[in-house]
Each structure stands twice: as C-alpha cells, then as structure tokens.
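# Geometric and topological summary
Now for the letters of each chain:
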Amino acid sequence: MPRKRERFDRTDVPRVGPYTNVIGAIVCVAVFVAVAVIVALVWNRVSLESRLGDTGLSGALDEQASAIVPEGGYVASADEIECVLLLTADSLDATGAALSSAQILSINSTQGTATLVNVPTEAALTSGDTTATLGELFTSQGYAACVAPLASAANVRFSHVILATGDVISDAASLAGMDATSLVHSASDLLSRLRTDLDAAGLLALAETLSGIGVSNLTTADAALVPGTATDAEGNVTETGYQVLDSVQLDVTLGTLVPAA
C-alpha cells in the first residue's frame, strides 16, 4: 500500500506574518529618509562651495581699468598693497538686494598694516552712459555691476570682492589656521552669509593676513564726497547734483598714493 507523501515547509521561504506589511513600510520610509538626508547634505555642501570662486565677481574684476597717478604732487606707493572690496547687503540675490554698506580694505603687506575705509552708498558712479549712486546701481544691476565703476571712481584696482549679509571681518580672521579641506564643514555659517571671487585657499590666506595684523589694529576712515561737476563744449563747469568720491584723498588714505618727495 503506497505511503502518503508528507509535506514539509521550506526554511528558505519567508513566512508572512501579521506585521510583515508594517515592517516593510517602516523599512521603505527609513530608506527614503536616509536618501533625503544624504541629498540634503550634498546639496548644502555644493551650495556652500558655490559661494566661493563666484564667476560673476571674477569677471567683474577683469573689467577694471588700471589705476592712474594724478597730477598734483603725488606718486604711486612703492609698498605692496592689496585692496579688497567689502559689500554688505540684506541678501545675496543677484539683483534687487539693498546695499547697506561698502568698504575698501587696504592691506599693506610691506608695512604689516591695514586700513578699512567706509565708502558712502550715495557716491555717484558712472556705468556706461548711466550715472547712479552706488546703492542704486547695486539694487538695479547687481553686486558684480558695481565693481568696475566703483574701482574707476575710487582710482583703485580691487584684488578681490566679498559680498556678505553682515560684518565678516572678525569671522574671516577667525579662520586662520584652518585647512582648505575642512573649511566648508567648519565655517558653514560664515560661508552661508557671503559670496566672493576667492577660492578656499585665497579666503584662508586673507584670514591669516587679518589674524596676523589683528582686527583691533585696523585703521578706520571715511571716504570724502565732493560735488560732481560736468564741463560743456564751451568749457563751462556746472555741478551735476551728484556727490562723487574724492579719489585723491581716498587713495592717500588707502596708501596707494603718497606725497612726492
């Protein structure tokens, strides 16, 4: 008489229990959350790194004209001087932001000193055929559009530009001693508040310089404004109604011009 075949459950087949679907759902949610976190971290890092080496600012620096030595008893300084433009606004938007302050940081490597000069936002600049105040130009055409006109009005050539939503001098100096590879991780708060043509190495080099001089040792000054004038075809001089930078006195303050011997 044939024996009845016994049935055995396979051990390699998962059993369906009352919580199988719940566990599967939890696993799926955990995977999605992990992917979202990774994407957010990568996006945040890319966003922070993009604030360095701003191509718009690099292009604007290339458009600057060379500084000149005006007549009147001054010569160009023989010291090694670097001028950095610092712009502070209510946002880092390409256009439409409001400029709250503009400063020129002059670093004299030969003397080991630095001067920070405040530039009034009502200073008139010429951009193409348009004359507007620094503040107006910043809002209407953006931060990069201000670089070359301000350099021309100030008779300086900026080495670098930093746009920020707050004072970054002290924070930048605190980066001294940090390495470029850890900059994004360690200074994410600062990087989130600025845009600059400087790369990581350049920003750290500036930090080392400021730290060496000492932020408290910076000499501060205000750039003077004088009435703007225009000369017609007959040689008549009239005031334009704008206030322009006294570039000679500004350059003397920055140290790029010195009295002739």
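Throughout what follows, the structure given in this document is the object of discussion. This one's a predicted model, so the numbers in the text were calculated from it and none came from an experiment. (Residues numbered from 1 in each chain as written. Predicted model: local features only at pLDDT ≥ 70, side-chain atom pairs only at ≥ 80, totals over all residues. Heavy atoms only, no water.)

## Re the environment of Ile68
Just so we agree on the cut-off: Working definition: helices are DSSP H or I runs of at least four residues, strands are E runs of at least two. Numbering for both runs from the N terminus.
Take Ile68: it is sitting in the loop between α2 (55-62) and β1 (74-76). As for Ile68 and Ser152, which are separated by 84 residues in sequence, their C-alpha atoms are 9.6 Å apart.

## As for helix α3 (residues 134-141)
Cut-off, in case you're wondering: Burial classification: accessible surface area is computed with a 1.4 Å probe over protein chains only, and a residue below 20% of its type maximum counts as buried, one above 50% as exposed, and the rest as partly exposed. This arc corresponds to the set of directions leading from the helix axis out to the C-beta atoms.
Those residues of α3 lying buried are Leu134, Gly135, Leu137 and Phe138. Buried residues of α3, viewed axially, fall in a sector of 165°; they line one side. In the segment just after α3, Gly142 is the residue with positive phi, at about 100°.

## Some thoughts on the pattern of salt bridges
Cut-off, in case you're wondering: In the sections that follow, a salt bridge refers to a side-chain nitrogen of Lys or Arg positioned within 4 Å of a carboxyl oxygen of Asp or Glu.
Enumeration over the complete set of coordinates arrives at three salt bridges. Of the charged contacts, one joins Asp171 and Arg193 as a salt bridge, the two residues approaching to 2.7 Å between their closest N and O atoms. A residue pair is termed long-range when its members are at least 10 positions apart, and Asp171 in helix α5 (residues 169-173) and Arg193 in the loop between α7 (188-191) and β8 (194-196) qualify at 22 residues. Taken together, the shared-partner salt bridges in this structure form one network comprising Asp171, Asp189 and Arg193.

## Some words on the sheet that holds strand β7 (residues 160-164)
Hydrogen bonding along the main chain pairs the strands of a sheet, whether they run parallel or antiparallel. Applied cut-off: Following DSSP output, two strands are said to pair if at least two bridges run between them. What counts as an axis is a line fitted to C-alpha atoms, over the stretch in contact for a helix, and the angles between N-to-C directions run from 0 to 180 degrees.
In spatial order, the strands read β8-β7-β2-β3-β4-β9; together these six strands make up an open sheet with mixed pairing. Lying at the two open borders of the sheet, with one neighbouring strand each, are β8 and β9 (219-222). Shown here is a sheet whose adjacent strand axes are inclined to one another by a mean of 20°, direction ignored.

## A few points about the packing of α3 against helix α4 (residues 144-154)
Put simply, the rule is: Here the angle decides the label: under 35 degrees means roughly parallel, over 145 means roughly antiparallel, 65 to 115 means roughly perpendicular, and every other value means oblique. Residues count as neighbours in contact if any of their non-hydrogen atoms are within 4.5 Å of one another. Three classes are used: nonpolar for Ala, Val, Leu, Ile, Met, Phe, Trp, Tyr, Cys and Pro, charged for Asp, Glu, Lys and Arg, and polar for all others, with Gly counted as polar.
Orientation of α3 relative to α4, taken along the N-to-C sense of each, is 150°, at an axis distance of 8 Å. With respect to α4, the element α3 is oriented roughly antiparallel. Residue-level contacts link Leu134, Leu137, Phe138 and Gln141 of α3 to Ala145, Cys146, Pro149 and Leu150 of α4. Residues of the contact of α3 with α4, tallied by class, amount to seven nonpolar, one polar and no charged.

## What about helix α9 (residues 247-254)?
Those residues of α9 that sit buried are Leu250, Asp251 and Leu254. Seen from one end, α9 has its buried residues packed into an arc of 95°, which puts them on one side. Looking at the buried residues of α9, the elements they touch are β2 (81-89), β3 (99-108), β4 (113-119), α4, β11 (237-245) and β12 (257-259). Looking one or two residues past α9, Gly255 carries a phi angle of roughly 95°, positive in sign.

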